[in-house]
Amino acid sequence: MSDTDPLTPRRRIALVDVNNCYVSCERLFDPTLEGRPVVVLSNNDGCVVARSAEAKALGIQMGDPWFKLAAQAPAWGLEYRSSNYELYGDLSRRVMELLARYSAWQETYSIDEAFLGLRGTTAELTARARDIRAAVLKHVGLPVSVGIASSKTLAKLANHGAKRTPALGGVANLDAYTPDQVTRILESLPTDEVWGVAGRTKKRLTELGIHTIADLRGADPGLIRKKFSVVMQRTVYELRGIDCLPLEPPSPTREQIMFSRSFATPVSTRAEMERVLSVYAQRAAGRLRKQHSVAREMTCFASTSPYDPTHPHESAAGGASFPIPTDDPVEMVKAATAALMPRIREGARYVRAGVMLAGIRPAGADTPLDVFVPLHDQRGLGRLVDDVGRKFGSASIGLGLAGVKGAPIWSMKRERLSKRATTHWDELALVHAR
DNA sequence: TCTGGGGTCCTAGGACCC
DNA sequence: TCTGGGGTCCTAGGACCC
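It should be emphasised that the depicted structure is a prediction, and the values quoted were computed from it without experimental measurement. Position numbers for residues start from 1 in each chain and track the written sequence from start to end. Numbering of ligands from 1 and lettering of chains from A proceed in the order in which they are written. Selection of residues for local features in this predicted model requires a pLDDT of at least 70, selection of side-chain atom pairs for listing and counting requires 80 or more, and totals for whole chains, interfaces and linings are taken over all residues. For side-chain calculations, the full set of non-hydrogen atoms in the structure is used, while hydrogens and water are omitted.

**Q** Quick question: what am I supposed to make of the packing of helix H1 (residues 21-29) against helix H5 (residues 85-99) here?
**A** To characterise two packed helices, one gives the angle between the axes of the helices and the distance between these axes. Every axis in this analysis is a line fitted to C-alpha atoms, fitted for helices over the stretch in contact. Angles between the N-to-C directions lie between 0 and 180 degrees. Think of it this way: any DSSP run of H or I at least four residues long counts as a helix, any run of E at least two long counts as a strand, and we number them from the N terminus. Two elements in contact, H1 and H5, have axes whose closest approach is 10 Å; the angle formed by their N-to-C orientations is 95°. The orientation of H1 with respect to H5, classified from their angle, is roughly perpendicular. Along its contact with H1, which presents Tyr22, Cys25, Glu26, Leu28 and Phe29, the element H5 presents Tyr85, Leu87, Tyr88 and Leu91. Class assignment for the residues of the contact of H1 with H5 results in eight nonpolar, no polar and one charged. Working rule for angles: under 35 degrees goes down as roughly parallel, over 145 as roughly antiparallel, 65 to 115 as roughly perpendicular, anything else as oblique. Throughout, a residue-residue contact means that at least one pair of heavy atoms, one from each residue, lies within 4.5 Å. When residue character is reported, Ala, Val, Leu, Ile, Met, Phe, Trp, Tyr, Cys and Pro are called nonpolar, Asp, Glu, Lys and Arg charged, and the others, Gly included, polar.

Here it is in structure tokens:
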């Protein structure tokens, strides 16, 4: 049956996402956080990446550095947590499994969002969305919002509406509104509230006299394509309710792999930077092996703080390519060192470094002649490291400078890390009995 | 003192090929 | 005087997302 069959309701798209995801995950295992302002911080306890409604009400913004908030936190009663990705990832997986019961078309878009394809009348779909909310709350314990519309872009907007208007009870179905009502809603929203438009594009749209989402919807698609790109043109169509973005599960293998971190303490010696690079290259190679891929190119970088007014911002970058794509940690470490170390200045205060891998393809896709295979590949060193790490923990093995000693001074700061309550037996939540 | 860490897609332009 | 045209592949950089 086709979408035009009068007896078959047209497909609609629902966007389900977890409200204030990381904060909600923290509250699940620490109910004392309920009703209070809470933020979750980025790696290294650097800046705010999630805020409870109460924290938003205090004016705290996404990306605010923690050190600027810390002094006022006690007066505000503001609680903070270091990010616990293992916990969030596990809870996310449970939510996604539950959502799969509601639709055969599911696209997990991020750790806290999924698109679902649904068919039914407007009233049926609104009711189904309420079921979904109740089920996720009951079985996983997390609050979600649901937006329903005829395209992904509109479903996103509906979802924002569901969040902003408490009276909607967490569900907004755009089909329940008249065209005039929808127009009035879109007229009240600036262009950067739409998915795919941020600061730069908003500014350029303003110069063209396009101020609201309604203006963008009414713009000439050909002109938009010429001035911007095919992506923005699709946004115009999507706003008109024409579904242009396929609902497909994204590829399970990444096309680019990056391992990068800010340091708890700056790294200012070449010797220390060499250790950092060695560890990061091995971590990147590990991720590569985990998805059974090999890489052809590597880029490494290190940079000083862009916020330090007393020193100019410095960055170093260097690349390497592997004529025979590889996942071998020894080769990766060697390449990273050769690419970046000549550009590292003794005494510069580096605050961040990273290793990126590109030109990624499935391992074993093209088998090179034996004589071209580096010796380390033949020894299967990468797989050995992976096996040992899996059995005894990732800190138990490392090559060369990665060493196996305790955490070096530059490793991540996580002062308020909650327990990994759902994935580690020794970190289960404790329920006190009276 | 202290400001995240991943990713994606698109476009333009150059090299190279026939 | 007039000096092809189309295709692929690759890279760098921009913009955006969560």
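There's plenty left to go through after this.
**Q** Before we go on, may I ask you to explain the nonpolar core in this structure?
**A** Nonpolar side chains in soluble globular proteins generally cluster together in the buried interior. Think of a nonpolar core as a cluster: buried Ala, Val, Leu, Ile, Met, Phe, Trp, Tyr and Cys residues, connected wherever their side-chain atoms sit within 4.5 Å. Three exposure classes are used, based on accessible area relative to the maximum for each residue type with a 1.4 Å probe and protein chains only: buried under 20%, partly exposed in between, and exposed over 50%. In terms of nonpolar packing, the biggest core is built from 33 residues, with Phe263, Met273, Tyr280, Met298, Met332 and Leu357 touching the most fellow members. Sequence-distant contacts of Met332, that is, excluding residues within four places in its chain, are made with Ala281, Ala285, Leu288, Ala295, Met298, Phe322, Thr326, Asp327 and Leu357. Listed in part, the 32 residues of the second largest apolar core include Cys21, Leu91, Ala114 and Ala129.

**Q** Help me out: how do you make sense of the side chain of Ser82 in this one?
**A** In this fold, Ser82 is placed in strand E4 (residues 79-82). On the basis of relative accessible area, Ser82 is assigned to the buried category, the value being 0%. N or O atoms within 3.5 Å of each other form a polar contact, as long as, within protein, one can give a hydrogen and the other can take it, and as long as residues adjacent in sequence are counted only when both atoms are side-chain atoms. A polar atom in the side chain of Ser82 sits 3.2 Å from the backbone nitrogen of Glu415. With residues near it in sequence (within four places) discarded, Ser82 still touches Glu26, Val40, Leu41, Asp45, Tyr88, Arg414, Glu415, Arg416 and Leu417.

**Q** Sorry if this is basic, but what is going on with the packing of H5 against helix H6 (residues 122-139) here?
**A** H6 packs onto H5 with a crossing angle of 140° between their chain directions and a minimal axis gap of 10 Å. Considered as vectors, H5 and H6 are oriented oblique to each other. Crossing of H5 over H6 shows right-handed handedness. Of the residues in H6, those touching H5 at Val95, Leu98 and Leu99 are Ile132, Ala135, Val136 and His139. Rotating anticlockwise by less than a right angle from the far helix to the near helix defines a left-handed crossing, while the corresponding clockwise rotation defines a right-handed one.

**Q** Explain the pairing of strand E7 (residues 144-149) here, please?
**A** One face of the sheet, then the other: side chains in a regular strand alternate in exactly this way. With six of six residues buried, E7 lies mostly within the body of the structure. Burial along E7 is two-sided: the face carrying Val144, Val146 and Ile148 and the face carrying Ser145, Gly147 and Ala149 are both buried. Two strands make a pair as long as DSSP finds a minimum of two bridges between them. Sheet topology places strand E1 (residues 11-18) next to E7; six bridges connect them, and they run antiparallel. Each residue of the ladder has a partner; that of Ile13, found in E7, is Ala149. Here E7 runs beside strand E8 (residues 171-173); their pairing, made up of three bridges, is parallel. In the strand pairing of E8, Gly147 is matched with Ala172.

**Q** I would appreciate a short explanation of the protein's contact with DNA strand C in the present structure.
**A** The cutoff for a nearby residue is simple: one of its non-hydrogen atoms must lie within 4 Å of the molecule or strand. Inspection of the region around DNA strand C gives 13 residues, with Ser110, Lys156, Gly196, Thr201 and Glu297 positioned closest. Near-protein atoms of DNA strand C (within 4 Å) split between backbone and bases, with sugar and phosphate holding 100%. One nitrogen or oxygen atom from the side chain of Trp195 is found 3.3 Å from a sugar or linking oxygen belonging to DNA strand C. Sorting the residues of the surface near DNA strand C by element identifies strand E5 (106-110) and helix H9 (199-207) as the ones contributing at least two each. Here the residues of the surface near DNA strand C sort into five nonpolar, three polar and five charged.

**Q** Explain the protein's contact with DNA strand B here, please?
**A** Neighbouring DNA strand B are 24 residues; Ser42, Arg234, Ser260, Arg261 and Ser262 lie closest to it. Backbone atoms, meaning sugar and phosphate, form 65% of the atoms of DNA strand B found within 4 Å of the protein. Contacts to DNA strand B include Ser260, whose backbone N or O atom sits 2.4 Å from a phosphate oxygen. Among the elements that take part in the surface near DNA strand B, strand E9 (residues 257-267) stands out by supplying six residues, more than any other. Class assignment of the residues belonging to the surface near DNA strand B gives a composition of nine nonpolar, seven polar and eight charged.

**Q** It is not clear to me how the pattern of salt bridges should be interpreted in this structure. Could you clarify?
**A** Pairing between side chains becomes possible if they bear opposite charge and their charged atoms approach one another. Here, a salt bridge means any side-chain nitrogen of Lys or Arg that lies within 4 Å of a carboxyl oxygen of Asp or Glu. Tallying each qualifying case throughout the model produces 20 salt bridges. Between Asp243 and Arg11 there is a salt bridge, with its nearest N and O atoms 2.9 Å apart. Pair noted here: Asp243 is in the loop between helix H12 (230-239) and E9 and Arg11 is in strand E1, with a separation of 232 residues, a long-range link. In this structure, the salt-bridge partner of Arg94 is Asp90, at a minimum N-O distance of 3.0 Å. Placement of both Arg94 and Asp90 in helix H5 is noted, with a separation of four residues, approximately one turn of the helix. Judged by relative accessible area, Arg94 falls into the partly exposed class, the value being 35%.

**Q** Explain the packing of aromatic side chains to me, please; I cannot follow it from the model alone.
**A** The geometry of an aromatic ring pair is captured by the separation of the ring centres together with the interplanar angle, meaning the angle of the planes. Each pair of aromatic rings taken from Phe, Tyr and Trp, with Trp reduced to its six-membered ring, is defined by centres within 6.5 Å and is described as stacked if the planes are under 30 degrees apart, edge-to-face if over 60, and tilted in the remaining cases. What the rule picks out here adds up to ten aromatic pairs. When the ring of Phe259 is compared with that of Tyr280, the centres are 5.1 Å apart and the planes differ by 70°; the resulting orientation is edge-to-face. In this pair, Phe259 is assigned in strand E9 and Tyr280 in helix H13 (residues 270-290), connecting sequence segments 21 residues apart. Neither Phe259 nor Tyr280 differs from the other in exposure class; each is buried. An aromatic cluster of at least three residues, connected via ring pairs, comprises Phe259, Phe263, Tyr280 and Trp410. Lying across the ring of Trp105, Arg11 places its NZ or CZ 4.9 Å from the centre. Put simply, a charge is over a ring when the Lys NZ or the Arg CZ is close to the ring centre, within 6 Å, and near the line of the ring normal, within 35 degrees. Taking NZ or CZ as reference, Lys152 lies 4.8 Å from the ring centre of Phe115, over its face.

Interpretation note: all reported values are geometric properties and have no functional meaning in isolation.
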